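Residues per chain, in single letters:
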Amino acid sequence: MRAMQMRGWKMAGGLALALAVTAIWLVHKGSTDTPAGSGAAGASGWSMISPTAEAPDPAGSAPRVALTPDQVRTRLFKEGSFAGTEPSGDWCVAAGKLSPCPGLRKRFEYYILGLGEVSIADIKALVADEALKAHGEPLASQIMAIWDKYWQLRTYAWRNKFDQSDRSTWMPVFEEQKAVRRQILGADWAKAFFDQDEQHFKQYYDQLESGLPPPPDPGEPVPQMAPGKDPAAVRAERVARYGEAAADRLAKADEEWADWERRLAAARVEWDRLQSASNLSEAQRKQDMQAYINSHFKPDEHLRVQALLHL
């Protein structure tokens, strides 16, 4: 399925992260970039290039007929690439009030992915109709006012140019985008939409400027104890990656897991012994095994042990 579920946007390293955070919508005047939605989206559904405003029809061409919202739904959700997907994000309406939250940007971006299959005017009409059905006219009008500002930002002609190979260009692009976002959207909506991106970029930029190696990826598997592994080395790796407190918690979890494994192994041995005891009936075997479980396992472990031993 096309990446429209808008899962949490994980920043990549190098060019991908720099573009995604500092210049995700780097639009140059006169750009002929393909609109997002007419090709493959980014890894999590976010376009790495900003779609430009739709080009005017060639001279002499017939005027384009606008689609109704229902026709747009058919074009996207039944015949097009939105089939089988659900709108991501949120309208950011609570207690009858529109409040800044990042979900509205995700909701807008979900629909913008339809560019190329329908026009931006069609998408705007669909968003307006969806907002109207969800929250009524007054709130829909407020949502569409944010849409207009967001699209203005989406198609903004940036003055500073980003060059991934020249780090001296990064901060001017970042500062310009940060300022323009607040100028167009207002401080509250700009923070809601872009604060996390801006923090990620700043952390990445500062790490590069420091000359230090990047911190370990928290998405990597947690270093685990295993036969032949040096416990001290495993702990040192955990401390370097997560800190002392987290390493202590992981060590405690290791101990608890090892204790569980020992007790479960002993329970298997006991159940095998009882099953081979010819002097006991099946009911007596299960009764004795239940008594063993009661004395060696906590109440919240009983069902799990019984299931693992097929009692």
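Parameters and conventions
Residues numbered from 1 in each chain as written. Predicted model: local features only at pLDDT ≥ 70, side-chain atom pairs only at ≥ 80, totals over all residues. Heavy atoms only, no water. Disulfide = S-S within 2.5 Å. Helix = DSSP H or I, 4+ residues; strand = E, 2+ residues; numbered from the N terminus. Buried < 20%, exposed > 50% of the residue type's maximum accessible area, 1.4 Å probe, protein only. Salt bridge = Lys/Arg side-chain N within 4 Å of Asp/Glu carboxyl O. Core = buried A, V, L, I, M, F, W, Y, C linked by side-chain atoms within 4.5 Å. Contact = heavy atoms within 4.5 Å. Phe/Tyr/Trp six-rings, centres within 6.5 Å; stacked < 30°, edge-to-face > 60°.

Caption draft 1: Geometry of the state of the cysteines. A complete count under the given rule lists one disulfide for this structure. The partner cysteine of C92 in its disulfide is C101, sulfur to sulfur 1.8 Å. Every disulfide takes its handedness from the sign of the S-S torsion; for C92 and C101 that torsion is -75 degrees, giving left-handed.

Caption draft 2: Looking closely at unusual backbone geometry. If you check the backbone angles, A95 has positive phi at about 55 degrees while not being a glycine. The residue A95 is located in the loop between β1 (93-94) and β2 (97-98) in this model. A95 sits in the exposed class, given a relative accessible area of 88%. Of note, H310 is a non-glycine position whose phi angle comes to about 60 degrees, a positive value. Position of H310 relative to the elements: it lies in the segment after α11 (302-308). Note on H310: relative accessible area 70%, which makes it exposed.

Caption draft 3: Representation of the pattern of salt bridges in the model. Using the criterion set out here, one finds 19 salt bridges in the structure. For the salt bridge of R235 with D248, the shortest nitrogen-to-oxygen distance reads 2.8 Å. On the criterion of sequence distance, the pair formed by R235 in helix α8 (residues 231-242) and D248 in helix α9 (residues 244-275) is long-range, its members being 13 residues apart. Close ionic contact of R273 with E270 constitutes a salt bridge, the shortest N to O distance being 2.8 Å. Highlighted residues: R273 and E270, both in helix α9, separated by three residues, approximately one helical turn. Judged by relative accessible area, which is 47%, R273 ranks as partly exposed.

Caption draft 4: Layout of the nonpolar core. Of all hydrophobic cores here, the largest spans 39 residues; its most connected members are L104, W147 and F193. Among the secondary structure elements, those contributing two or more residues to this core are α2 (69-78), α3 (102-112), α4 (120-135), α5 (137-154), α6 (170-185) and α7 (187-210). When residues in this core are grouped by element, the largest group, nine residues, is from α5. With residues up to four places along the chain from it excluded, the contact list for F193 reads C101, P102, L104, R105, I146, Y150 and L185.

Caption draft 5: How the structure looks around the packing of aromatic side chains. Here the structure, examined in full by the defined rule, presents 18 aromatic pairs. Measuring from centroid to centroid gives 4.8 Å for F174 and F201, while their planes differ by 35 degrees, and the two rings are tilted. Separated by 27 residues along the polypeptide, F174 in helix α6 and F201 in helix α7 bring together distant segments of the chain. A relative accessible area of 3% means that F174 is categorised as buried. Summarising the aromatic geometry, the rings of W260 and F297 are spaced 5.8 Å apart at their centres and angled 75 degrees between planes, so their arrangement reads as edge-to-face. With W260 in helix α9 and F297 in the loop between α10 (282-296) and α11, this residue pair connects regions lying 37 residues apart in the sequence. The same class applies to W260 as to F297, namely buried.

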